[in-house]
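Tertiary structure, described
Below are the chains, spelled out letter by letter.
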Amino acid sequence: QVQVVESGGGLVQPGGSLRLSCAVSTASFRFIAMAWYRQGPGKQRDLVASITRGGSGNYTDSVKGRFTISRDNAKNTMYLQMNNLKPDDTAVYYCNTDKITGPLFSWGQGTQVTVSS
């Protein structure tokens, strides 16, 4: 069973930056379109950004120009660089497939991002 492990979250002030990582335990990683999701307090889990097998990223409007998704297929790892963070970005961040090109893996524990002064 494929496992995903998210890391890199933390407490940051508004305007700060964080880089999240997602390690995926499958040798087929390079063939899978991936995505970052987040679930804020009292909210549903929503898509934040997705990345194709070839490395092209797509973003939800609220993070465009601030977040950058990337992947390193040699390391079976995906990243999310988050800049100019806002309090509304506070959430648990999860990684998984994009749900479109393949089935979801089991969800990991996520990584908490808290943006607060």
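Preceding this section is the structure that the text describes.
Each chain carries its own residue numbering, running from 1 in the direction its sequence is written. This being a predicted model, a pLDDT of at least 70 is required before a residue's local features are given, and a value of 80 or more before pairs of side-chain atoms are given or counted; all residues contribute to the totals for chains, interfaces and linings. No hydrogens and no water enter the side-chain calculation; it runs on all heavy atoms of the structure.

1. Notes on the side chain of Arg-71
Take Arg-71: it is sitting in strand β7 (residues 67-72). Burial here depends on accessible area, computed with a 1.4 Å probe over protein chains only, as a share of the maximum for the residue type. Under 20% is buried, over 50% is exposed, and the range in between is partly exposed. Charge assignment in this entry is limited to Lys and Arg as positive and Asp and Glu as negative, and neither His nor the chain termini are counted. Salt bridge criterion: a side-chain nitrogen from Lys or Arg within 4 Å of a carboxyl oxygen from Asp or Glu. For Arg-71, which is buried and forms no salt bridge, the nearest opposite charge comes from Asp-98, at a distance of 8.4 Å. We define a polar contact as two N or O atoms separated by no more than 3.5 Å, with the added condition that, inside protein, one atom must be a possible hydrogen donor and the other a possible acceptor, whereas residues neighbouring each other in sequence contribute only through side-chain atom pairs. Of the polar contacts made by the side chain of Arg-71, one reaches the backbone oxygen of Thr-52; its length is 3.0 Å. In this structure the side chain of Arg-71 is engaged in a polar contact, spanning 2.8 Å, whose partner is the side chain of Asn-73. Excluding its chain neighbours within four sequence positions, the residues that come into contact with Arg-71 are Phe-29, Arg-30, Ile-32, Ala-33, Met-34, Ile-51, Thr-52, Arg-53, Gly-55, Thr-77 and Met-78. Helix and strand labels come from DSSP, where a helix needs a run of H or I of at least four residues and a strand needs a run of E of at least two; each type is numbered from the N terminus. Whether two residues touch is decided by their heavy atoms; if any such pair falls within 4.5 Å, the residues are in contact.

2. With respect to the sheet that holds strand β8 (residues 77-82)
At least two DSSP bridges between two strands are needed for those strands to be called paired. Within the open sheet, the four strands sit side by side as β1-β3-β8-β7. Their pairing is antiparallel. Both edges of this open sheet fall to β1 (4-7) and β7, since each of them pairs with a single strand only. Along the sheet, successive strands turn relative to each other by an average axial angle of 15°, direction set aside. Across six bridges, strand β3 (residues 18-24) lies against β8 in antiparallel orientation. In the strand pairing of β8, Ala-23 is matched with Thr-77. Here an axis means a line fitted to C-alpha atoms, over the contact stretch when the element is a helix, while the angle between two N-to-C directions is reported on a 0 to 180 degree scale.

3. Points about the packing of aromatic side chains
We call Phe, Tyr and Trp rings a pair once their centres come within 6.5 Å, taking the six-membered ring for Trp, and we label the pair stacked below 30 degrees between planes, edge-to-face above 60, and tilted otherwise. Tallied over the entire structure, the rule returns two aromatic pairs. Seen in terms of ring centroids, Tyr-37 and Trp-107 are 5.2 Å apart; in terms of plane orientation they differ by 80°. Their pairing is edge-to-face. One end of the pair, Tyr-37, is in strand β4 (residues 34-39); the other, Trp-107, is in the loop between β9 (91-97) and β10 (111-115), and 70 residues separate them in sequence. Consider the rings of Tyr-94 and Trp-107, whose centres lie 5.8 Å apart with planes at 80°: the pair is edge-to-face. Of this pair, Tyr-94 sits in strand β9 while Trp-107 is found in the loop between β9 and β10, placing the two residues 13 residues apart along the sequence. According to the relative accessible area criterion, Tyr-94 is buried, its value standing at 10%. An aromatic cluster of at least three residues, connected via ring pairs, comprises Tyr-37, Tyr-94 and Trp-107. Both a distance and an angle decide whether a charge sits over a ring: NZ of Lys or CZ of Arg must be within 6 Å of the ring centre and within 35 degrees of the ring normal. Lying over the aromatic face of Tyr-94, Arg-45 brings its terminal NZ or CZ to 4.0 Å of the ring centre. In this arrangement the basic side chain of Arg-71 is found over the ring face of Phe-29, its NZ or CZ atom lying 4.4 Å from the centre.

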